[in-house]
Amino acid sequence: MAAEKRYDAVIIGGGHNGLVTAAYLARAGKRVLVLERRHLVGGSAVTEEIVPGFKFSALSYVVSLLRPEIIRDLELPRHGLELLPLESTMTPMPNGDYLVRWADHDLTRRELYRHSPRDAEAYDDFGKLMFHLAFAMKSILGIVPPNPTSLNPKDLLSLLKLGKHYLGLPAEQFYALCKLMTMSAADFLDEWFETEPLKATMSASGVIGTFLGVRSPGTAYVLLHHYMGEIDGVFRAWGFARGGTGAVSESIAAAAREFGVEVRTEATVAQVLAKNNRAVGVALDDGEEIHARVVVSGVDPKLTFLKMVDPQHLPTDFLHAIRRFKIRGSSGKVNLALGELPNFTCLPGVGPHLRGAISISPSLEYMERAYDDAKYGNFSRRPYMDIIIPSMIDPGMAPPGKHVMSIFVQWAPFELNGGWNDEQREAFGNAVVDTLAEFAPNLKNAIIHRHVVTPWDMQEEYGLTQGNIFHGELSLHQLFFMRPVHRWADYRTPLKHLYQCGSGTHPGGGITGASGRLAALNILKDW
Amino acid sequence: MLRGTPFHERTAPLCQAQNWRRWAGYLAASSYELTHDREYYAIRSAAALIDVSPLYKYVIRGSDAVRFLNRVLTRDVAGCDMHQVMYGPWCNEAGKVIDDGTLQRLGEESFRLTSAEPNLRWLCDNAFGLRVTIEDDSDTTAALALQGPTSREILNNVSDADLDSLKYFRLAFARAGNIPVTITRTGYTGDLGYEIWADAQQAIRLWDILMDGGRSYGITPSGIYALDVARVEAGLLLIGVDYIPANRALIEARKSSPFELGLGWAVRLEKGFVGQEALLEEWQRGPAWQFKGLELDWNSLEKVYAEFGLPPELPMIAWRTSVPVYAGAAQVGYATSGCWSPTLKKYIALAHLRSAHAERGTSVEMEVTVEHRRKKAAARVVDLPFFDPERKRS
Amino acid sequence: MNDTYDAIVIGAGHNGLITAAYVAKAGLRVLVLERRELVGGTAVTEEVFPGFKFDTGAHRISRLYPPLVTDLKLADHGLELLPLDPTVFAPTLDGGHLSLWRNPENTIDAIRQLSDKDAASWNGFAALVAKATGLLETLYESSPPEALSKKRKDRWAMLRMAGRLRRLGKRDMVEVLRILPMTAVELLDEWFETDVLKGTLGAAGITGIFQGPMAAGTAYLFLHQHVGTKQGILRPALRVRGGTGRLAQALAGAARSLGVTIRTGAWVERIIVEDGRAAGVALVGGEEIVARQVISNADPKRTFLDLVDPVNLGTEFLRRVRNIKFNGVCARVNLALGELPDFSSLPGDGPHLRGLISISPSLRYLERAFDDAKYGELSREPFLEAVIPSLTDPSLAPQGKHVMSILVQYAPYHLKDGVWDESRCDALGDRVVETLAKYAPNIESAILHRQVLTPLDLELVFGLTEGNIYHGEMTLDQLIFMRPVPGWARYNAPIKDLYLCGAGTHPGGGVTGAPGYNAAREILKRVK
């Protein structure tokens, strides 16, 4: 029946960006169809009940910087989005001590003071600088990045405006921004702090989803992201969605449907159809063809251009650049169903520290060694982990008295020595649980079920090429006007009427919806 | 839980309304009794005992201590005599005030600096390459302010110090009971008064000694409400209220120079210190703002309220919001603290005024909200402090 | 001394001598003060063992900024530069080896022995390097742009740079912009497949910095080392006939002929600051020398944190100087040899011994070498760059004998446990010889004498803070307008009449003379 219909736009992939694009297009009156390969929408932002009664945010687990304008434009709260606060970050230390950053400034100060009086003060100064920088950077995240090589007056003007904006910053901020762009997270933080667990935990946000260590230059920039969330603090853009991350996708899908978007699940796109060098629709793996005026791909650039589009429609240079696009996966996910809460040796019992993030990142050296393993093709024997216990924030996630634990793990290279298989998956799961049990010894006995997602699984099950959670590494030469490749950072592609809207485009990364929104705005501009 | 100060064991049972507030990460009593009236009058007519332990305290020692402090503070520390206390601000390189506090010269090469906000990082950064050590003893030093006309007699009774010869802004080492204390003739009330510094371990005993010794002299534990009214009368700045520390201010407009805070007298432009260049320039140019007192005109106030059939409603607790000040239709400044002065029987406020409107005697208007409506009441610019009793210095 | 000088230069390193010469050429009376008894800084040749002369500091130079040679008539003062050919020889443990030559055709032939594909890629890669370095060359010839300056002139200079970048053409511009922040591994992996080729090229991207080839910014350093060389010549190296010290002598000769006074054995203890301006220097021993300008060839940390009373400098400036990363990682081992090393993969004497000898069999080898250093340990298998100057310059060693100098990386200045004491110094020497012996087994028996200079020795002997050979790491965050510290990249200082002219300033380290040349220009601009 759908084959009979003609759509204005067909979206490949029902991930959150695809849904955002769909909703914005439909809001502008277009007839939109979203095709999702799996049985549920959300892509990496899904909640799945893998064991009865236990709901897992299977991959993505926190809402990081969901653009406030999307929340407003799509009226997501009306469609069921509830963001709950994640207010603390605890870092257990091997010596039995801990570091917790609380929501309350005084408490955090006192805690930092316990570790280093100077760091307690530097933390405020640092926060203020980062606030300014995040504010300055915001302007580039909300726009289509101008192409500096273009002679198009619009690009030039936009470039000049950006240049003026940045050169107009106070010196301290401008230089800090230059440093952020070029330094490693560790070096940058070394200039400010001396407390190891603080530096390590902060630096972790600089390497999440990258194939880089905390001592690799270029990782400092991502430190900013955390603070961008604070600017939109009232929106609580950083938090946990009630019902798991899937609830974010559900609310966007509900908004989209209300605008008239049609969503088909279990519909696998095999190919983008093209005629006269224009995309005209898609073919599903069962042969069904769906025609539409424009095709928008929410999947990553490699999957889009190397698997779905006939190479004859794409210039050689472009294909070369797409092949060079770096998309090494570096992280895994372990989801645990627990019979009881973990009991941390450093802070025993149930307390507010279990309602926030728990970071296994006791020192920069720990982080760097975890990376070293991955550099040579092994998963970290003692990995960095970012943990939350969603059932502590939203009791609906697990049966009463029981809990779910979400563990983001880094590093786990996609290109594992010997390749990923069931045995390696188990070994990886063991490395995670063993390491965590060093800090919370009751953990092993508390596990009812263990769900391990390797980068290989992310590719096979969730369609993330090489298991890269950001659809392409967030390294400096793959950002802004070079994301995913130069000249095609404006969501357009060399094949007319084919667009991209996924995380592989500017600004990329995390559940922000920014790529999806900007893509839709640009598509509408071309209409 | 927030921390209690070293006196918490004593102050907690006294705090009848459980009316606490935050002060530098500590719990501080807003008032002990259900109204703060008696606590305020203790400051002006007897002796108030105020727990000021949450102040930050740094002990600075070393052969470069004077050079270091001279680099940081705007005052001439080389001219600080042994056992003298100096009050003053310190600035960032742009000449904007970071904090203000008192500096006690404990010895030839040792000082104690107090501040309202943490300053360890700033101090350490400026100490680089100099032979000084900076010790943060904020948590280990307890501090009490004993303020009011009978404070001298109380201290004379409970300590071995000769307070009669201790001049204004001087300090003495003494014993109270057998507890070693430093007594400084300083305070935040603009009255005769002292501050007593001791090891936090001895805090409870010190409290008891003072309370016992002061009973016949009307000693009264007093909270922040009472202190706040007294400090407005004394025209003393409150950080975070009357000015925003330069290192916390998000925008330039929120920063103030010492000249703009009425602290020009504490700036020695001829010596080298952080911010000197910028301040020299500002001084030559003339500061854009002044920090002055406002006395509200009673008749005008009465008229504004009378429109609604009300008598003037007066702030018995000092307010700490920013209130616009006008000259005609133009806004020429803003008041940051204000209260009814029970001693002067006047409604007074501390205000930032554009220099052109800051002359003593200038007529301005201050916004007052009456029955949900914004009104203007006439006020007169006056010099600070509002209240300056002879006994403070004598 | 009763003479009054217009300018005092602290340190007679090559940059100091160059600045002194140019400033004197403009008519100023200049005094150079050198702590050691010989001039040259790291450009020195010393007879360490009787009859054996070593370049104890820099044992090669990559390029001398061209106008220097003519302006200062260095040839007349005895300078003769010898290009190494092959530029580099890299043996591997599996019997292979690779040499890169000055003639690109020879290089391509050599690569073809290992990979046809890589041989085919060579010219394209060389062209890209040439384009990128061409851009850097323009940048290096001038003082760095003041990014935040509101002055029209500075804004223009920035626009001109942008224009120059645009002139590369759209494709090349993007390509250059794209590779600048990359890692050496990323850059080389895009072009080549042969491990030893990538390792040997990649080594240029890590030399002297506390980073492995997998770190962003190493592509930049790779390019930096190739600025000013002809297209197709990679890992270029020049030697000075008679030793690098001859360069210093030529420079000193040129400077003296322009009227510069050079005093050796004169240790500057502090810079005298009066009324906010530099007024002269005080020597150890108490002598004070007055001058209108003080120019420091010492690195920025030494200059601002040791020589200047901190109360004369702003809080933020001091913070920035303290934050300059030094992270010395290099050591030197100098060997007096009874016979030439005999490489298993290419036995006997031959042209290969006349180039740089680079132990860099793969990028992974380099990265692993860095891994150890990251945690404060000497590399188990270090990267080595050796040269046997006596082959081309027999005067450096007794007849039939040889000198071999080896740059060792990574030997971190900051050790995890302990300090660089004698036993660690010996261990370092042993480690280097063992490593080399894997490739040239006769080396152990060929050694007559051995000198080991740890990073701590480099600091003590040459005054290099933390033993960093570049006066501050050459990483992206410490380059161009961020060198030595953001806001003060124009060779000047917050203290009036105080200037910097060393490698800690733009365009940075390596024996090029460009910082000294640029500094002189800036100083003269301000003095006049």
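Everything numeric in this text was worked out from a predicted model, so none of it was measured.

### Observations concerning the interface of chain C and chain A
You'll often see interface size given as the accessible area lost when the parts meet. On the side of chain A, 35 residues touch chain C, which itself brings 38 residues to the contact. Contact between chain C and chain A buries roughly 3600 Å² in total, counting both sides, with carbon and sulfur atoms accounting for 59%. On the chain C side of the interface with chain A, the three residues burying the most area are Leu 148, Arg 166 and Tyr 375 of chain C, jointly 18% of the side's total. The interface formed by chain C and chain A contains eight salt bridges.

### Points about the side chain of Ser 331 of chain A
The topology assignment puts Ser 331 of chain A in strand β14 (residues 331-338). Once residues within four sequence positions are removed from consideration, Ser 331 of chain A is found in contact with Phe 408, Val 409, Gln 410, Ala 412, Pro 455, Met 458 and Ile 469 of chain A.

### Points about the pattern of salt bridges
All told, the structure shown has 97 salt bridges over all chains when counted by the stated rule. The partner of Arg 381 of chain A in a salt bridge is Asp 373 of chain A, and the shortest N-O contact between them spans 2.3 Å. By relative accessible area, Arg 381 of chain A is classed as exposed at 60%. One network of salt bridges, with partners in common, ties together Asp 187, Asp 190, Glu 196, Lys 199 and Arg 215 of chain A together with Lys 325, Glu 473 and Asp 477 of chain C.

### Quick look at the sheet that holds strand β11 (residues 179-184) of chain B
What holds strands together in a sheet is hydrogen bonding between their backbones, with the strands either parallel or antiparallel. All names here are of chain B. In spatial order, the strands read β10-β11-β12-β9-β3-β13; together these six strands make up an open sheet with mixed pairing. Each having just a single partner strand, β10 (171-176) and β13 (219-221) make up the two edges of the open sheet. Neighbour to neighbour, the strand axes of the sheet diverge by 25° on average, direction disregarded. As paired strands, β10 and β11 are joined by six bridges and run antiparallel to one another. Counted as the bridge partner of Arg 175 is Pro 180 from β11. On the sheet, helix α5 (residues 151-158) packs against β3 (47-51), β9 (141-147), β10, β11, β12 (193-199) and β13 and is oriented at approximately 35° with respect to β12.

### Quick look at the packing of aromatic side chains
Working definition: an aromatic ring pair is given by the centre-to-centre distance plus the angle between the planes. Applying the stated criterion across every chain yields a total of 35 aromatic pairs over all chains. Arranged with centres 6.4 Å apart and planes meeting at 50°, the rings of Tyr 123 of chain A and Phe 193 of chain A form a pair that is tilted. Remark: Phe 193 of chain A occurs in the loop between α7 (185-190) and α8 (196-207) and Tyr 123 of chain A occurs in helix α4 (residues 117-141); sequence separation between them is 70 residues. Both residues of the pair, Tyr 123 of chain A and Phe 193 of chain A, count as buried. When the centroid spacing of 6.1 Å and the interplanar angle of 85° are considered together, the rings of Phe 49 of chain C and Phe 54 of chain C count as edge-to-face. Phe 54 of chain C carries the same exposure label as Phe 49 of chain C, and that label is buried. Following the ring pairs from residue to residue traces out a cluster consisting of Tyr 123, Phe 126, Phe 188, Trp 192 and Phe 193 of chain A. A cation over a ring is seen here: Arg 31 of chain A above Tyr 7 of chain A, with NZ or CZ 5.8 Å from the ring centre. In this arrangement the basic side chain of Arg 35 of chain C is found over the ring face of Trp 267 of chain C, its NZ or CZ atom lying 5.5 Å from the centre.

### Looking at a positive patch on the surface
A cluster of basic side chains, namely Arg 6, Arg 278, Arg 293 and Lys 496 of chain A, defines a positive patch on the protein surface. Along the chain, the position of Lys 496 of chain A falls in the loop between α17 (455-462) and β19 (498-500).

The rules behind each value
- Residues numbered from 1 in each chain as written.
- Chains lettered and ligands numbered in written order.
- Predicted model: local features only at pLDDT ≥ 70, side-chain atom pairs only at ≥ 80, totals over all residues.
- Heavy atoms only, no water.
- Contact = heavy atoms within 4.5 Å.
- Buried area = accessible area lost by both parts, 1.4 Å probe.
- Salt bridge = Lys/Arg side-chain N within 4 Å of Asp/Glu carboxyl O.
- Helix = DSSP H or I, 4+ residues; strand = E, 2+ residues; numbered from the N terminus.
- Buried < 20%, exposed > 50% of the residue type's maximum accessible area, 1.4 Å probe, protein only.
- Pairing = 2+ DSSP bridges.
- Axes fitted to C-alpha atoms, helices over the stretch in contact; angles between N-to-C directions.
- Phe/Tyr/Trp six-rings, centres within 6.5 Å; stacked < 30°, edge-to-face > 60°.
- Lys NZ or Arg CZ within 6 Å of the ring centre and 35° of its normal.
- Patch = residues over 30% accessible without salt bridge, like charges linked within 9 Å, V, L, I, M, F, W, Y side chains within 5 Å.
- Areas by Shrake-Rupley, 256 points an atom, 1.4 Å probe, with all protein chains shown as cover.
- Lys, Arg positive; Asp, Glu negative; His and termini not counted.
- Charge placed at Lys NZ, Arg CZ, Asp CG, Glu CD.

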